[in-house]
Amino acid sequence: MMLEILNGYAPQTADASTIALVVVVAVLVAIVVYVLRGKEDQEADAGKAEAEEAKALEPAPKKVEPEPAGESSSPAETKEPEPEEKAEEPKPEEEKAEEPAPEDQAEEPEAEEPEPGEKAEEPEPGEKAEEPEPEPEPEPEPEPEPVAEPVPKPEPRKSLREGLGKTRKEGFIARLSSVFKSKKIDESIVDDVEEVLFTSDIGVRTADKLLDAVRDGLGRNELKSADKVWGLLREHAQEMLATASANNKIGTPEAGQPFVTMVLGVNGAGKTTSIGKIANKLIDDGKKVHLIAGDTFRAAAAEQLEVWGKRVGAEVFRGKEGADPASVVFDGVRAAVEAGADNVLVDTAGRLHTQVNLMEELRKVRRVMGKAIAGSPHEVLMVLDATTGQNAIEQAKQFNEATDVTGIILTKLDGTAKGGVVIGVCDELQIPIKLIGIGERVGDLRSFEADEFVEALFGDSD
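What counts and what doesn't
- Residues numbered from 1 in each chain as written.
- Predicted model: local features only at pLDDT ≥ 70, side-chain atom pairs only at ≥ 80, totals over all residues.
- Heavy atoms only, no water.
- Axes fitted to C-alpha atoms, helices over the stretch in contact; angles between N-to-C directions.
- Helix = DSSP H or I, 4+ residues; strand = E, 2+ residues; numbered from the N terminus.
- Parallel < 35°, antiparallel > 145°, perpendicular 65-115°, else oblique.
- Left-handed = near helix turned anticlockwise from the far one by under 90°.
- Contact = heavy atoms within 4.5 Å.
- Nonpolar A, V, L, I, M, F, W, Y, C, P; charged D, E, K, R; others polar.
- Pairing = 2+ DSSP bridges.
- Patch = residues over 30% accessible without salt bridge, like charges linked within 9 Å, V, L, I, M, F, W, Y side chains within 5 Å.
- Areas by Shrake-Rupley, 256 points an atom, 1.4 Å probe, with all protein chains shown as cover.
- Salt bridge = Lys/Arg side-chain N within 4 Å of Asp/Glu carboxyl O.
- Phe/Tyr/Trp six-rings, centres within 6.5 Å; stacked < 30°, edge-to-face > 60°.
- Buried < 20%, exposed > 50% of the residue type's maximum accessible area, 1.4 Å probe, protein only.
- Lys NZ or Arg CZ within 6 Å of the ring centre and 35° of its normal.
- 1 Å grid on protein atoms, 1.4 Å probe; cavity = no way out; pocket = protein on both sides within 12 Å on 5 of 7 lines; lining within 4 Å.
- Points joined across faces, edges and corners; volume = space filled by probe spheres on them.

Novice: How would you summarise the packing of helix 10 (residues 189-198) against helix 11 (residues 204-217) if you had to cite specific residues and measurements?
Specialist: Between helix 10 and helix 11, the shortest axis-to-axis distance is 9 Å and the interhelical angle comes to 160°. Comparing their axes, helix 11 and helix 10 come out roughly antiparallel. Note on packing geometry: the crossing formed by helix 10 with helix 11 is right-handed. Along the contact surface, helix 10 presents V190, V193, E194, L197 and F198, while helix 11 presents V204, A207, D208, L210, L211, V214 and R215. Here the contact of helix 10 with helix 11 is composed, by residue class, of nine nonpolar, no polar and three charged.

Novice: For the sheet that holds strand 7 (residues 433-437), give the residues involved together with the corresponding values.
Specialist: Here eight strands make up an open sheet; going across it, the order is 3-2-4-1-5-6-7-8 and the pairing mixed. The open sheet has two free edges, formed respectively by strand 3 (315-318) and strand 8 (445-447), since each of these has just one partner strand. When strand polarity is set aside, the average angle formed by the axes of neighbouring strands in this sheet is 25°. By the bridge criterion, four bridges tie strand 2 (residues 289-293) to strand 3 in an arrangement that is parallel. Paired with I292 across the strands is F317, a residue of strand 3. On the sheet, helix 13 (residues 271-284) packs against strand 1 (259-264), strand 2, strand 4 (343-347), strand 5 (379-385), strand 6 (407-411), strand 7 and strand 8 and is oriented at approximately 175° with respect to strand 4. Each of strand 2, strand 3 and strand 4 is contacted by helix 14 (residues 301-312), which is oriented at about 165° to strand 3, the strand it contacts most.

Novice: For the packing of helix 13 against helix 14, give the residues involved together with the corresponding values.
Specialist: Where helix 13 meets helix 14, the closest approach of the two axes is 9 Å, and the angle between their N-to-C directions is 20°. Regarding the angle of helix 13 to helix 14, the classification is roughly parallel. Two packed elements cross with a definite hand, and for helix 13 against helix 14 that hand is right-handed. Of helix 14, the residues touching helix 13 (which contributes T272, T273, I275, G276, K277, A279, N280 and I283) are Q304, L305, W308 and V312. Partitioned by chemical class, the residues of the contact of helix 13 with helix 14 number six nonpolar, five polar and one charged.

Novice: Which residues make up a nonpolar patch on the surface, and what values go with them?
Specialist: On the surface, L21, V25, V29 and V33 cluster together into a nonpolar patch covering about 330 Å² of accessible area. Tracing the chain through its elements places V33 in helix 2 (residues 10-56).

Novice: Could you give me a rundown of the packing of aromatic side chains, with the residues and numbers involved?
Specialist: Two descriptors summarise a pair of aromatic rings, namely the distance from one centre to the other and the angle between the planes of the rings. The tally for this structure, following the rule as stated, stands at two aromatic pairs. Centre to centre, the rings of F448 and F453 are 5.2 Å apart; their planes meet at 50°, and the pair counts as tilted. Side by side, F448 and F453 carry an identical accessibility label, which is buried. R311 extends its terminal NZ or CZ atom over the ring of W308, reaching a point 4.4 Å from the ring centre.

Novice: Can you lay out the layout of surface pockets for me, pointing to particular residues and giving the numbers?
Specialist: Taking a probe equal in size to a water molecule and rolling it over the atoms shows the remaining empty space. Here the second largest pocket is characterised by a volume of approximately 550 Å³. Along its surface, the second largest pocket is lined by 22 residues, and I278, K281, L282, L435 and S447 are the ones closest to its centre. Broken down by secondary-structure element, the contributors of at least two residues to the lining of the second largest pocket are strand 1, helix 13, strand 4, strand 5, strand 7 and strand 8. By residue number, the principal contributor to the lining of the second largest pocket is helix 13, which donates six residues.

Listed below in structure tokens is the structure:
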């Protein structure tokens, strides 16, 4: 009967077979897709489980049971459990999960010995232990300090005899020496001495005094003795210097007030340099020194004084270029008082002494100092260039009339044969020589001693 039915519906059966085959294929495709999707879901679930395991520090995820593939008994259904078996047996993952993760070790840190000098910090309850900070890099070993080289000893100060070398060998002293050695000594020696003295730089007045001393002090027989004549000249020269040195007219400041010194001199005499050297000596003696740049007209005068101030460690007060010198000096002196200075050195303008305006200006500056500090300036030093010879005497006369000079600084004695001007200045002006410069170094500006000077000038020949 079935054969008949099938035979009767052959065309229909063929169509039904085709449909059945299509259905079977569709079912198989659906099963394959389902299985593959299930496999992807299993792999995703496994990856998610691993991520949650690393993040939450939980044990390995439970095994994922494979879902049934369906009721079909086709051969394709029996070949698909392979991925399910791989999912059921994640042995490497289970072993990895069983090992403690780095975070597990952080939760139960082992006690580590703190390094020397560091205190181990204990984590508070309920907080995650902080990872140990990296060890600090060891500090580099300090480089060995260089061995200090010995400070070179300062050059020895030039002797006064050495500083007066040119005057002794080329000046009037050398010429006098040649008079006594060139011929037989007799009464005519006085004429030769007269010629030497009047052509020297000691001045006509001083030369006259020395000649009168020789004529009046020595008899006819004594004039024939070179030693007698030489000794008499030396004696009177020393007397002139000593008399001037005793004429000390410096003032004394009141308690708590600085000692103010006004410094004069024509341009080029060495005024500013002398101020710097004086400041250096005072600072070495423990004094607090202020310098005032009162020469507001000469180009770079204030800058030169500032250089000296930095070199020796003295404060420098200056005004604007071209400012009124008197007002600058007044303000500078008051500033020195407020700063508690011990000594104040005032640099002043130094144009030619023949200019009347300059002398009036210096008188004004001196008066203003007295208003800033009663009784100042306590000393007025005149700087003279020894190389100018008798002209230095004329300069000193002019400045002395304007400002009442109390002392003289004679510079550049080592560079000239006109050292005899010292005797002429002291004799004609009766102003003491305070300092003499016999070199460029700071120590070459030295105090003047009459006896020492005469010995260096009139002493035995080299």
